[in-house]
Each structure stands twice: as C-alpha cells, then as structure tokens.
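Per-entry structural report
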Amino acid sequence: MSEISKPFALTAPLARDLAVRSRLSAGPGGGRSEDDGGEGQVGVVTKTRPKTKKPSLYRVLLLNDDYTPMEFVILIVEQVFNKSREEATSIMWHVHNEGVGECGVYPYEVAETKVTQVMDAARRNSHPLQCVMEKQ
Ligand code: TYC
C-alpha cells in the first residue's frame with residue numbers, strides 16, 4: 001500500500017519532523033505495523049499543550065516602627081533586595097512616612113527567604129523591624 005493513501009500513517013522521517021512541534025504517540029501495536037515497509041515506527045501525531053503554570057507572586061513588605069535605625073533599614077534593603085543606595089533610601093523613607101512599603105515581588109520561596117533574611121538580621125541586631133509577605 002502506498003503511503004499517500006494513509007494520511008495518518010507517517011513513516012519515521014516525516015514523523016520525526018512533525019514531532020518537533022507535536023507529541024508523537026504510538027498507536028495500536030506499539031507504533032509498529034505490518035505495512036510500514038521496514039522504514040521504522042508508525043505513529044499518530046497529536047496536539048499537546050505545554051504543562052506550565054506561572055508561579056504565584058508575593059510582595060515583600062517592610063513595616064515601620066519607632067526604634068529601628070534608618071541606616072539599618074537602608075542597609076537591609078540594599079543587601080537583601082539588591083537595591084541601590086538611592087532606591088533603598090527612598091523605600092526606607094516611604095515606609096517611615098506611610099507605615100508600610102514594598103521591597104520587591106517574588107515567587108513564594110524567594111519571598112519567604114527574603115523575609116527570613118530580614119527577620120534574622122533584625123533579631124541578631126536586637127531591632128524590632130518587621131518584614132512580611134502577601135500574595136499579589
Ligand atoms: N521609623 C524608624 C525611625 O524613625 C525608621 C524605620 C524605617 C524603621 C523603616 C522601620 O521599616 C522601617 N528610626
């Protein structure tokens with residue numbers, strides 16, 4: 001039987017080509033048939049959706065208090081959130097004036113690590129600085 005009369009039976013070279021964009025699933029007989037002419041596997045091309053999920057994002061917030069030194073807050077924001085001196089100073093003033101401010105937005109585990117880094121540094125230095133995360 002000629003290949004042209006069997007539109008869904010693909011011999012190996014064409015199937016390999018199509019499988020770049022589609023998943024090739026073996027049909028009945030495990031991808032083999034009697035009439036594949038010894039060319040290799042015969043399969044069915046199926047469309048697939050990539051199984052990807054965007055991670056949820058979390059904003060990491062600093063809270064104001066009356067005791068943590070401004071310079072300490074600036075250093076923390078620079079070091080933990082990779083901000084410039086100018087950005088860190090602006091965030092510190094925002095938190096000081098407004099009571100709360102965002103230092104960055106990250107996937108869950110990154111946000112959690114940053115909160116822990118801030119809280120550990122504050123505790124080590126006996127400052128009451130608080131850092132929290134919230135789902136965006
Ligand atoms: N309010 C503090 C002070 O006057 C400074 C400060 C800023 C503290 C930001 C915490 O997240 C904070 N020393």
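Criteria and cut-off values
Residues numbered from 1 in each chain as written. Predicted model: local features only at pLDDT ≥ 70, side-chain atom pairs only at ≥ 80, totals over all residues. Heavy atoms only, no water. Near = heavy atom within 4 Å. Polar contact = N/O pair within 3.5 Å; in protein donor to acceptor, adjacent residues only side chain to side chain. Areas by Shrake-Rupley, 256 points an atom, 1.4 Å probe, with all protein chains shown as cover. Helix = DSSP H or I, 4+ residues; strand = E, 2+ residues; numbered from the N terminus. Nonpolar A, V, L, I, M, F, W, Y, C, P; charged D, E, K, R; others polar. Phe/Tyr/Trp six-rings, centres within 6.5 Å; stacked < 30°, edge-to-face > 60°. Buried < 20%, exposed > 50% of the residue type's maximum accessible area, 1.4 Å probe, protein only. Lys NZ or Arg CZ within 6 Å of the ring centre and 35° of its normal.

This part is about the site of the ligand. In the neighbourhood of the ligand, the contacting residues comprise Leu62, Leu63, Asn64, Asp65, Thr68, Met70, Val73, Met92, Val95, His96 and Leu129. One of the side-chain N or O atoms of Asn64 is found 2.7 Å from a nitrogen atom in the ligand. One of the backbone N or O atoms of Asp65 is found 2.7 Å from a nitrogen atom in the ligand. Protein contact buries 90% of the 350 Å² of open area that the ligand shows by itself. Breaking the shell around the ligand down by element, the ones donating at least two residues are strand S3 (57-63), helix H2 (70-81) and helix H3 (85-98). Counting residues per element, the shell around the ligand draws most heavily on H3, at three residues. Class assignment for the residues of the shell around the ligand results in seven nonpolar, three polar and one charged.

Turning next to the packing of aromatic side chains. Enumeration according to the criterion identifies two aromatic pairs in this entry. Ring centres 5.2 Å apart and planes at 80 degrees place the aromatic pair Tyr58 and Tyr108 in the edge-to-face group. Here the residue Tyr58 occupies a position in strand S3, and Tyr108 occupies one in helix H4 (residues 108-124), the gap between them amounting to 50 residues. Looking at Tyr108, the relative accessible area reads 41%, which means it is partly exposed. The ring of Tyr106 has Lys114 sitting right over it, with the charged end atom 5.1 Å from the ring centre.

Any functional reading would require information beyond the geometric quantities listed.
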